[in-house]
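If you want the building blocks of each chain, they are given just below.
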Amino acid sequence: MTLQFSWVASANSAETDFPLNNLPYGVFSTDGLEPRCGVAIGDMILDCRAAEEAGLIDLGADPIFDVPFWNEVMEAGHDTWTTLRARLTEILAKGSKDEVIAKDMLVPRAHVDLHMPFLVAEYTDFFASRQHAQNMGAILRGAASLPANWLNIPIGYNGRSSSIVVSGTGIHRPNGQTKAPDAEMPSFGPSKRLDIELEMGAIVGKGSDLGQPITVDQADEMIFGYVLLNDWSARDIQGWEYQPLGPFQGKAFGTTISPWIVTAAALEAFRAPTPARDFTLLPYLNGTKDGLYDIELEVLMQPEGAAKASSIAKTNYNCMYYSAAEQLAHHASSGCAMTVGDLLGSGTISGADRSEYGSLMELSWAGREPFTLDTGETRGFLEDGDTMTLRGTARGDGFNIGFGDCVGTLLPAVTWPKSQKT
């Protein structure tokens, strides 16, 4: 696929993440506009509410952009997704008859605040990178072994949708219970081993009924789009609490997503196969399409006061063992009902080389081998004031498909309230 040209000049630049080929969905506001749905095009945003009110977008008898989230579009169904994307392309394409009207509905991206692009129904996080799983085994158990079930089943846990925030939101260092190896009893206080995890998030745009399983191909059709996802992780809290039921408070304090939903349709040309399997997966996990995507990913760290960020890792989403569609099909295989707005985290994305590891736990080997930033500072885990940025890019012929930066700054822990005497 080659670059599709738009009458929005900035959308035709080889440097933009938002050409006509992309058209990602977000929610924005300005001093004069309350939060509303918009579509990124070059350095501008098309105001979808204004376009609908003017009759440029007509998706049915009732307004669909009178709310500041994209769930209404998701619930309208796959045909509506296709119709909307085609209409947006028609409006914004070079030579469009709608240019005169639509240009007054553009808002500069530089002048907006971005908000959560959809209402998160429920959140599930997976553990789907083989390299990451092996690295964690080596770090924690001294051997690069996989859990006994890992090569047969997409492993995941149910997280907290209430803790999911949009890029730019600060994350407080969590308080929690930990136990040092040489301590007789646990203690309570701020986490000392705060980490990030580089992930992709798949957004469920079509639900399934309680008791009804779905195929991998059906699951693929149910995915509305993707975001970058930073699964902030308190390794010391997690290490003390995770047996026998898995992550809890060490993961529940914050998850950051990028502000733009890149639709599955925009990524279609970048599909990539899952790897050869050590064991043949059970039939319910078989699909007919390539389930991964060729998306280059990068992690950057910028200490407080530093002039610029340092790139600390680069990898690709195509290195995962399980696809989002396989994860979704497995999630529903028990009869678990999936809901419009569900978010599925891919799990940490780590490539084969150390420079491709998607967490600080791996990059510093649990803090035992700190890495050096461009500023000369070293890190094992995060320090207060550190800003973490995730970036993702699918590269076409003369154009890029980007997600917008996924950014979060680590804030100091909240002081725990002192007990009140009665």
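Data block above holds the structure.
Residues numbered from 1 in each chain as written. Predicted model: local features only at pLDDT ≥ 70, side-chain atom pairs only at ≥ 80, totals over all residues. Heavy atoms only, no water.

Time to look at the overall build of the chain. Within the chain one finds 9 helices and 27 strands. Relative to a compact globule of 422 residues, whose C-alpha radius of gyration would be 22 Å, the chain shows 22 Å and is just as compact. Expressed along its principal axes, the backbone C-alpha trace of the chain runs to roughly 75 × 50 × 50 Å. The buried share of the chain, reckoned over its 422 residues, is 54%. Residue pairs in contact within the chain that sit at least 24 positions apart in sequence constitute 72% of those at least 6 positions apart. (Helix = DSSP H or I, 4+ residues; strand = E, 2+ residues; numbered from the N terminus. Rg over C-alpha atoms; globule rule 2.2 N^0.38 Å. Buried < 20%, exposed > 50% of the residue type's maximum accessible area, 1.4 Å probe, protein only. Contact = heavy atoms within 4.5 Å.)

Relative to the 16 Å expected for 12 residues at 1.5 Å per residue, helix α5 (residues 130-141) spans 16 Å between its end C-alpha atoms, a close match to the ideal helical length. For α5, the complete set of buried residues consists of H132, A133, N135, M136, G137 and I139. Buried residues along α5 sit against α7 (235-241) and α9 (360-363). Positive backbone phi, approximately 80 degrees, marks G142, located one or two places after α5. (Expected span 1.5 Å × (residues − 1).)

We now examine the side chain of D125. Relative to the assigned elements, D125 resides in strand β6 (residues 123-126). Although buried, D125 forms no salt bridge, and the nearest oppositely charged side chain, K251, lies 4.7 Å from it. With near-sequence residues (within four places) excluded, D125 lies in contact with I155, G156, Y157, E197, E199, D231, G345, S346 and G347. (Lys, Arg positive; Asp, Glu negative; His and termini not counted. Salt bridge = Lys/Arg side-chain N within 4 Å of Asp/Glu carboxyl O.)

One turn of an α-helix holds 3.6 residues; hence residues three or four places apart share an orientation. When you tally the buried positions in helix α8 (residues 324-332), you get 9 out of 9 residues, the bulk of the element. All of the buried residues along α8 are A324, A325, E326, Q327, L328, A329, H330, H331 and A332. Residues of α8 that are buried in the fold lie against β6, β7 (156-158), β13 (198-204), α6 (216-222), β14 (223-231) and β22 (343-345).

Across the sheet, 5 strands lie side by side as β4-β3-β2-β1-β5; this open sheet has antiparallel pairing. On the outer flanks of this sheet lie β4 (106-108) and β5 (113-115), each paired with one strand and no other. Along the sheet, successive strands turn relative to each other by an average axial angle of 50 degrees, direction set aside. Pairing of strand β3 (residues 44-47) with β4, which is carried by 3 bridges, proceeds in the antiparallel orientation. Looking at β4, one finds that L46 is bridged to L106. Across the sheet, helix α3 (residues 78-92) is in contact with β1 (25-29), β2 (36-41) and β3; its angle to β1 comes to roughly 65 degrees. (Pairing = 2+ DSSP bridges. Axes fitted to C-alpha atoms, helices over the stretch in contact; angles between N-to-C directions.)

Now for the environment of E75. Residue position: E75 is located in helix α2 (residues 71-76). According to the relative accessible area criterion, E75 is exposed, its value standing at 53%. Each C-alpha atom, one on E75 and one on G341, is 9.1 Å from the other, the two residues being 266 residues apart in sequence.

Moving on, we get to a negative patch on the surface. A cluster of like negative charges, contributed by E53, D62, D66, E72 and E75, occupies part of the molecular surface. Inspection of the secondary structure assignment puts E53 in helix α1 (residues 48-53). (Patch = residues over 30% accessible without salt bridge, like charges linked within 9 Å, V, L, I, M, F, W, Y side chains within 5 Å. Areas by Shrake-Rupley, 256 points an atom, 1.4 Å probe, with all protein chains shown as cover. Charge placed at Lys NZ, Arg CZ, Asp CG, Glu CD.)

Looking at where G250 falls in the secondary structure, it is placed in the loop between α7 and β16 (255-257). Relative accessible area serves as the criterion here: at 0%, G250 is assigned to the buried category. The spatial distance from the C-alpha of G250 to the C-alpha of A276 is 33 Å, given a sequence separation of 26 residues. Here G250 is in contact with W232, S233, A234, I237, Q238 and E241, once residues within four sequence places are set aside.

The subject of this paragraph is the packing of aromatic side chains. This structure, assessed with the given rule, holds 10 aromatic pairs. Consider the rings of F65 and W70, whose centres lie 5.3 Å apart with planes at 75 degrees: the pair is edge-to-face. Side by side, F65 and W70 carry an identical accessibility label, which is buried. Seen in terms of ring centroids, Y226 and Y293 are 5.3 Å apart; in terms of plane orientation they differ by 70 degrees. Their pairing is edge-to-face. Taken together, the residues span a long stretch of sequence, with Y226 in strand β14 and Y293 in strand β19 (residues 292-293) at a distance of 67 residues. With respect to burial, Y226 and Y293 carry one shared label: buried. (Phe/Tyr/Trp six-rings, centres within 6.5 Å; stacked < 30°, edge-to-face > 60°.)

Under the criterion given, the structure shown has 0 disulfides. You can see C319 has no disulfide; the closest cysteine sulfur is in C406, sitting 17 Å from it. With relative accessibility at 30%, the residue C319 sits in the partly exposed group. (Disulfide = S-S within 2.5 Å.)

A word on the environment of M200. With respect to the element layout, M200 can be found in strand β13. Classification of M200 as buried rests on a relative accessible area of 1%. In contact with M200, other than residues within four places in its own chain, are Y226, V227, L228, L229, I295, L297, Y317, L344, G345, S346, I349 and F403.

Put simply, Q243 and P244 share a cis peptide bond, and its omega is 10 degrees. For P244, the position within the fold is in the loop between α7 and β16. Unlike most non-glycine residues, W365 shows phi in positive territory, near 50 degrees. Positionally, W365 belongs in the loop between α9 and β23 (371-372). On the basis of relative accessible area, W365 is assigned to the buried category, the value being 19%. Unusually for a residue other than glycine, A366 sits at a positive phi of about 65 degrees. As for its placement among the helices and strands, A366 is situated in the loop between α9 and β23.

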